[in-house]
Structure formats: C-alpha cells, structure tokens
Amino acid sequence: MFALDVQQLAKVYKGGFQALKGVDLQVDEGDFFALLGPNGAGKSTFIGIVSSLVRKTSGRVQVFGQDLDEDPEGVKSSIGLVPQEFNFNLFLPVLEVVLNQAGYYGIPRREAKVRAERSLRQLDLWDRRGTEMRKLSGGLKRRLMIARALVHEPRLLILDEPTAGVDIEIRRSMWSFLRELNAKGTTIILTTHYLEEAESLCRNIAIISEGAIAERTSVAKLLGQL
Ligand code: ADP
Ligand code: ADP
C-alpha cells in the first residue's frame, strides 16, 4: 500500500495563480521521502492540501488507502504535520500546546494527558512542560512542534522545511531523531531546499518545479551509486 498516492493534483489560488499543475506522486509506506524544490515551487501548497489545511482545486489524494474526499477524518488522523511557522499560542505552556493538538484530533482529555506526556518525553521536553512556548529557544520550539505532531501517533509525519534556519547541532539531533522514528515504522515526508538534507536523510526524492514534479528518483541513484 502507498502511504501517499496523489493523482493529477491541481491548485488554483483565489486570484488565479496556479500553484500546482497536475502533480502525480506516490510514496511507499515506510519511506523517508524528500520533496525538494526552490522557493515558490509549490511544496507548502502540496503538503497543505495533503494535511487538510488547504483546499485542492482538483485531483485525488489518498493516504494509506483512505480518500481525502470520502474520508477526510481518516486522512487527518493518519497524518502529523510539523509546520514551517509556529507563531500561534506563544503564551501557552508546552504541555498545553500538545494537549490542544490532541483536542484537535478529538482525543478525550484524560487520554490526551497520557499521550501528551509520552510525546513530550519522547522529545525530551517533559521537564519543560510548564514553560511558555515563547520562552523556548528555536531548537526547543522545533522539538515541541514535533512532539505536537506525534501526539495522536500518526503513521505519516510530514515536515515543512524542518531545519531551515537552525544551527548544525540542532539539525544533527533532529536528523537522528527522525531516522529513529522512521526505523520504527513511521513514514516521513519532508520538504527542503537543501539537497544535502535530502541526500543524507532520505531514501527517495521528488523534485518539484513550478507546480509539477520534474524528477522522481532514489537518493542512491542521484548520488550515482546505482
Ligand atoms: P514553496 O513552499 O515551494 O515555497 P508555495 O506552495 O508556498 O511554494 O507557493 C507556491 C506558489 O503559490 C508561490 O508562487 C506562492 O506565491 C503562491 N501562493 C502560495 N500561497 C498562496 C495564496 N494563499 N494565495 C495566492 N498565491 C499563493
Ligand atoms: P483555528 O480555526 O482556530 O485556527 P483549527 O481547527 O484550524 O483552528 O486548528 C487548530 C490547531 O490545529 C491549530 O494549531 C492548527 O495549526 C492545527 N491544525 C489545523 N489543521 C491541522 C492539520 N490538518 N494537521 C495538523 N494540525 C492542524
């Protein structure tokens, strides 16, 4: 089964700009996949549609066999999204940020507390549960966004430019966390405009350019090793 199966996906924004022009893309279950492309290529639009934040104009999206049009709740609960921007809820304590997200998925409060603790411990943030989000460093904020995205134990984790603007040490620790998560079975898709990030982290890669897939290959092939 595919973790993600997208066919002829198109998006025309209000005002008429066509950000996606018939994207076809399949990502295998268990894959660690990079969507690579320059600014403005359509990466955020693509993952916005897949994670139910942006409405598609046409095309088909299936996540683990669930169709976005027929079973939007099934799709939503299968995906965890780590957004690029996190300027919301800055005065909320760390624990509440994660509990709110559990609420978004309809998880009852008692269950949410168990899951939030597990999620925060997994990212080494449990000791900071009382700290307001605005007081966290950039690296810790990113870790919190990952904990938040994992609270409902999604089978597919999508990250939008996860390491843009972070220093090398934080990048390394995020990379090793993501590798471990993938090794335990979570499918991961990330967007990046760093070829180096795609190469050292991912197994397969698609290059998106001006709203269409320009190339779909394995990292091994890309590096000339096959
Ligand atoms: P990327 O993530 O690859 O940088 P985006 O998906 O953010 O690309 O944007 C693709 C194109 O769509 C860009 O030209 C951008 O200006 C345009 N775009 C993005 N969001 C909107 C919007 N809400 N309304 C109109 N145009 C948009
Ligand atoms: P609001 O309309 O008040 O912004 P939403 O229900 O859209 O509330 O979102 C609630 C929270 O869940 C927000 O923090 C938002 O970023 C996040 N969120 C919204 N949609 C998704 C999604 N598809 N996947 C993961 N998180 C989401």
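Conventions adopted
Residues numbered from 1 in each chain as written. Chains lettered and ligands numbered in written order. Predicted model: local features only at pLDDT ≥ 70, side-chain atom pairs only at ≥ 80, totals over all residues. Heavy atoms only, no water. Near = heavy atom within 4 Å. Polar contact = N/O pair within 3.5 Å; in protein donor to acceptor, adjacent residues only side chain to side chain. Areas by Shrake-Rupley, 256 points an atom, 1.4 Å probe, with all protein chains shown as cover. Pairing = 2+ DSSP bridges. Helix = DSSP H or I, 4+ residues; strand = E, 2+ residues; numbered from the N terminus. Buried < 20%, exposed > 50% of the residue type's maximum accessible area, 1.4 Å probe, protein only. Lys, Arg positive; Asp, Glu negative; His and termini not counted. Salt bridge = Lys/Arg side-chain N within 4 Å of Asp/Glu carboxyl O. Contact = heavy atoms within 4.5 Å. Phe/Tyr/Trp six-rings, centres within 6.5 Å; stacked < 30°, edge-to-face > 60°. Lys NZ or Arg CZ within 6 Å of the ring centre and 35° of its normal. Core = buried A, V, L, I, M, F, W, Y, C linked by side-chain atoms within 4.5 Å.

Per an unreviewed UniProt entry, the chain goes by the name ABC transporter ATP-binding protein and belongs to Thiorhodococcus mannitoliphagus.

Side note on the site of ligand 2
Every residue close to ligand 2 is listed here: Ser51, Ser52, Leu53, Gln101, Tyr104, Tyr105 and Arg148. Between ligand 2 and Tyr104 there is a distance of 2.4 Å, counted from a nitrogen atom to a side-chain nitrogen or oxygen. Here Arg148 contributes a side-chain N or O atom positioned 2.8 Å from an oxygen atom of ligand 2. Expressed as a share of its isolated accessible area of 550 Å², the protein-covered part of ligand 2 is 52%.

As for the pairing of strand E9 (residues 204-209)
Note: strand E3 (residues 32-36) against E9, four bridges, orientation parallel. When the bridges of E9 are listed, Phe33 appears paired with Asn204. Pairing geometry for E9 and strand E10 (residues 212-218), over six bridges, is antiparallel. When the sheet's bridge partners are listed, Ser209 is paired in E10 with Ala212.

A look at the side chain of Arg148
Structurally, Arg148 is set in helix H5 (residues 138-149). In this structure, Arg148 is buried with no salt-bridge partner, the nearest side chain bearing the opposite charge being Asp160 at 12 Å. Side chain to side chain, Arg148 and Gln101 meet in a polar contact 3.2 Å long. With residues up to four places along the chain from it excluded, the contact list for Arg148 reads Leu81, Pro83, Phe88, Val97, Val98 and Gln101.

Re the packing of aromatic side chains
Applying the stated criterion to the full structure yields one aromatic pair. Aromatic side chains Tyr104 and Tyr105 sit 5.0 Å apart centroid to centroid with 80° between the ring planes, which places their arrangement in the edge-to-face category. The class for Tyr104 is partly exposed, based on a relative accessible area of 39%. Its relative accessible area of 19% is what places Tyr105 among the buried residues. In this structure, Lys76 is placed above the aromatic ring of Tyr104, and the distance from its NZ or CZ to the ring centre is 4.0 Å.

Examining the nonpolar core
Among the nonpolar cores identified, the biggest contains 42 residues, and Leu120, Leu144, Ile146, Leu157 and Leu159 are the most heavily contacted of them. Of all the elements in the fold, those that place two or more residues in this core are E3, helix H3 (94-104), helix H4 (109-122), H5, strand E7 (156-160), helix H6 (168-183), strand E8 (187-192) and helix H7 (195-201). Tallying contributions element by element places H5 first for this core, with six residues. Dropping the residues within four chain positions of it, Leu120 is found in contact with Val94, Leu95, Val98, Leu125, Trp126, Arg129, Leu144 and Ala147. Core analysis: the next-biggest nonpolar cluster, separate from the first, contains 27 residues, Leu25, Ile47, Val50 and Ile208 among them.

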